[in-house]
Amino acid sequence: MAETEEEQPDQLLQGSPALQGERVVFTGTLASMTHHKAWEFVEQHGGQAAQHVSRSTTLLVVGEEGWPLEADGSPSVNLSQAQELIQEGTPIRIIKESDWLALIELRDPGVNMDQLYTPAMLTQMLNIPVGTIRRWERQGLIKPVRKIFRLPYFSFQEVASVRRLSQLLESGVHPRELEESLQHLGKVFNEIDAPLSQLTLLSQDAQLLLKDERGLIDPKQGQRVFDFGTEETEVPELAGEEEFEGTIEFTEHLKTPEVKDRSAEEWFQEGCQYLDAGEAKPAIEAFRLSLLGQPDVPETHLHLAEALYLKGNTEGALERYYAAVEWDHDYIEAWTQLGCLHNELGDPEAALQAFEIALQVHPDYPDAHLHTAEVLHQLNRVEEAVPHWKIYLEFDEMGPWADMARQRLEEFEDDDEDLTFP
């Protein structure tokens, strides 16, 4: 009889870490490395790597960047084929990427699956705007594992999961098809409650349109949507989903009595929605109205700064970031943005001072270390930058910023050797 899938990871991990006699196939996107690199590790550990599942396959490794879903939302071909063969009695073992890494005892750079990441780091790694990550957090799609001085740290796998589901929904895959696929994956993994909840929220969010005096806006795409006015599009619902209102209407705020009837939090949320849609002018207006009712909220000043920057008002954004740290001196994201703007405006010394304050508040803040190193590099103070690049690499081993930091260090070492040994 074939082994039950629940028993496979534990049984496998009790075996030899050398993959002697194993024929290994990978499915889904690996979070730690490319498939080609993974095949090299398989060969180095005595196994054989293959692209497709067959009766000779002994081990299927499922990547943990998102979910192993095809472009149409169905489970990956390799995963489905492996499950069919298992039912027929073929002893194929299915494990997660992190279990495979533990199996071969791999601890090289680029494979830390338990690392936590700031929004800025995830922006670089997953090509997601910071505003999108913040919106997902507000909506409850992702939850920070911890927060330090208002700075959230997220699990890479959780954010990657939301990104994959969001991409599939935006490509036109029906929510119910994705729900069925996730339920199918539940036969292999026990961790589908969170993605099912994410799917429900994303399905609702996919139907949300904002309306201003010029028409409808898709807040995710930041694009105008044609409103034909007479026909209503039926919104598909997930099982058990309550009816969802698809359009939120907004008016010219300053010209109506509505200003007095809405709370500061409501204006803040509206500003965030316009900011998500790339509509800087109404976002600025909404954030200012929020601050009229509650001027001591640092997050509102920070978001207003981002809206002003989007509008092209860099000096105004700078002042609002300062307002944020005036209300909360330990607001390290605001200090970091101050540093970036000072450097953009041609004042690298002021930038370094802002980054230094951020690091005084939170010495292990990866973003501030990287920005500090880059400004020092820009000023040709490379020796001072080296410790900051090294510290950054302690927190990020696989993102593009990590690649840049390693490249900078390699260049420094090469230059240092050229100076020492002419």
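As the structure is a prediction and not an experimental result, all values here were calculated from the model. (Residues numbered from 1 in each chain as written. Predicted model: local features only at pLDDT ≥ 70, side-chain atom pairs only at ≥ 80, totals over all residues. Heavy atoms only, no water.)

1. Quick notes on the overall build of the protein
- A count of helices and strands for the protein gives 19 helices and eleven strands.
- Buried residues in the protein amount to 50% of all 422 residues.
- In the protein, of all internal contacts separated by at least 6 residues, the share reaching a separation of at least 24 is 65%.
- Total accessible area on the protein stands at roughly 21,200 Å², and carbon and sulfur atoms take up 47% of it. (Helix = DSSP H or I, 4+ residues; strand = E, 2+ residues; numbered from the N terminus. Buried < 20%, exposed > 50% of the residue type's maximum accessible area, 1.4 Å probe, protein only. Contact = heavy atoms within 4.5 Å. Areas by Shrake-Rupley, 256 points an atom, 1.4 Å probe, with all protein chains shown as cover.)

2. Here's the deal with the sheet that holds strand S7 (residues 151-155)
- Strand order across the open sheet formed by three strands is S5-S7-S6, with antiparallel pairing between neighbours. Each of the sheet's edge strands pairs with one partner strand only, and the pair in question is strand S5 (116-117) and strand S6 (146-148).
- The sheet contact formed by S6 and S7 spans three bridges and is antiparallel. Within the sheet, the bridge partner assigned to Lys 147 lies in S7 and is Pro 152. (Pairing = 2+ DSSP bridges.)

3. A short note on the sheet that holds strand S2 (residues 48-50)
- With respect to topology, four strands assemble into an open sheet ordered S2-S1-S3-S4, the strand pairing being parallel. Strand pairing shows two members of the sheet lacking a second neighbour, S2 and strand S4 (93-96), which therefore form its edges. Shown here is a sheet whose adjacent strand axes are inclined to one another by a mean of 30°, direction ignored.
- Relative to strand S3 (residues 59-62), strand S1 (residues 23-27) runs parallel, the two sharing four bridges. Pairing of Val 25 across the sheet is with Leu 60, part of S3. (Axes fitted to C-alpha atoms, helices over the stretch in contact; angles between N-to-C directions.)

4. Section: the pattern of salt bridges
- With the rule as written, the count across this model stands at 14 salt bridges.
- Here Glu 384 makes a salt bridge to Arg 381, at a shortest N to O gap of 3.0 Å.
- Overall, the relative accessible area of 27% leaves Arg 381 in the partly exposed class.
- Here the residues in one salt-bridge network are Arg 134, Glu 306 and Glu 333, joined through shared partners. (Salt bridge = Lys/Arg side-chain N within 4 Å of Asp/Glu carboxyl O.)

5. Concerning unusual backbone geometry
- The backbone of Phe 149 shows a phi angle near 50°, a positive value even though the residue is not glycine.
- As for its placement among the helices and strands, Phe 149 is situated in the loop between S6 and S7.
- Positive phi is not limited to glycine here, since Arg 150 has a value of about 70°.
- In this fold, Arg 150 is placed in the loop between S6 and S7.

6. Structural notes on the nonpolar core
- Phe 287, Tyr 321, Ala 334, Leu 338 and Tyr 365 are the most contacted members of the largest nonpolar core, which totals 34 residues.
- Those elements giving two or more residues to this core turn out to be S7, helix H11 (264-276), helix H12 (280-293), helix H13 (298-310), helix H14 (314-327), helix H15 (332-344) and helix H16 (348-361).
- Leave out the neighbours within four places in its chain, and Phe 287 touches Phe 268, Gly 271, Cys 272, Leu 275, Thr 300, His 303, Leu 304 and Ala 307.
- In this structure, Val 159, Val 162, Tyr 392 and Ala 405 belong to the second largest nonpolar core, which totals 33 residues. (Core = buried A, V, L, I, M, F, W, Y, C linked by side-chain atoms within 4.5 Å.)

7. Describing the packing of aromatic side chains
- Per the counting criterion, the structure on display carries three aromatic pairs.
- Consider the rings of Phe 268 and Phe 287, whose centres lie 5.8 Å apart with planes at 50°: the pair is tilted. Here Phe 287 lies in helix H12 and Phe 268 lies in helix H11, a separation of 19 residues in the sequence.
- Classification of Phe 268 by relative accessible area gives buried; the value is 10%.
- On the accessibility criterion, Phe 287 (0% relative accessible area) is buried.
- Consider the rings of Tyr 392 and Trp 401, whose centres lie 6.2 Å apart with planes at 65°: the pair is edge-to-face. (Phe/Tyr/Trp six-rings, centres within 6.5 Å; stacked < 30°, edge-to-face > 60°.)

8. Let's talk about the packing of helix H7 (residues 156-170) against helix H8 (residues 175-185)
- Two numbers describe how H7 lies on H8: the axes approach to 10 Å, and their chain directions differ by 145°. Seen from above, H7 lies across H8 with right-handed handedness. Residues Leu 165, Leu 168 and Leu 169 of H7 lie in contact with H8, whose contacting residues are Pro 175, Leu 178 and Leu 182.
- When the residues that make up the contact of H7 with H8 are grouped by side-chain class, the tally is six nonpolar, no polar and no charged. (Left-handed = near helix turned anticlockwise from the far one by under 90°. Nonpolar A, V, L, I, M, F, W, Y, C, P; charged D, E, K, R; others polar.)

9. Comments concerning the confidence of the model for the protein
- In this model, the protein carries an average pLDDT of 78, and 74% of its residues clear a pLDDT of 70 or more.
- Mean pLDDT in the protein bottoms out at strand S11 (residues 247-249), which sits at 41, and peaks at H16, which reaches 97.
- Across residues 224-257, where pLDDT falls below 50, the model places 62 contacts with residues more than four positions away in sequence or in other chains. (pLDDT = per-residue confidence, 0-100.)

10. Here we look at the environment of Tyr 153
- With respect to the secondary-structure elements, Tyr 153 resides in strand S7.
- Taking the C-alpha atoms as reference points, Tyr 153 and Met 121, 32 residues apart in sequence, are found 9.7 Å from one another.
- With residues up to four places along the chain from it excluded, the contact list for Tyr 153 reads Leu 116, Tyr 117, Thr 118, Pro 144, Val 145, Arg 146, Ile 148, His 362, Asp 364, Tyr 365 and Pro 366.
- A polar contact of 2.9 Å, which involves the side chain of Tyr 153, links it to the side chain of His 362. (Polar contact = N/O pair within 3.5 Å; in protein donor to acceptor, adjacent residues only side chain to side chain.)

11. Structural notes on the pairing of S7
- Burial of S7 is extensive: five of the five residues sit out of reach of the surface.
- Here S7 shows a buried face lined by Leu 151, Tyr 153 and Ser 155 and a second buried face lined by Pro 152 and Phe 154.
- Pairing analysis gives two bridges linking S5 to S7, with the strands arranged antiparallel. Paired with Leu 116 across the bridge in S7 is Ser 155.
- Once S6 ends, the chain turns through two residues before running back antiparallel as S7, passing Phe 149 with a positive phi of about 50°.

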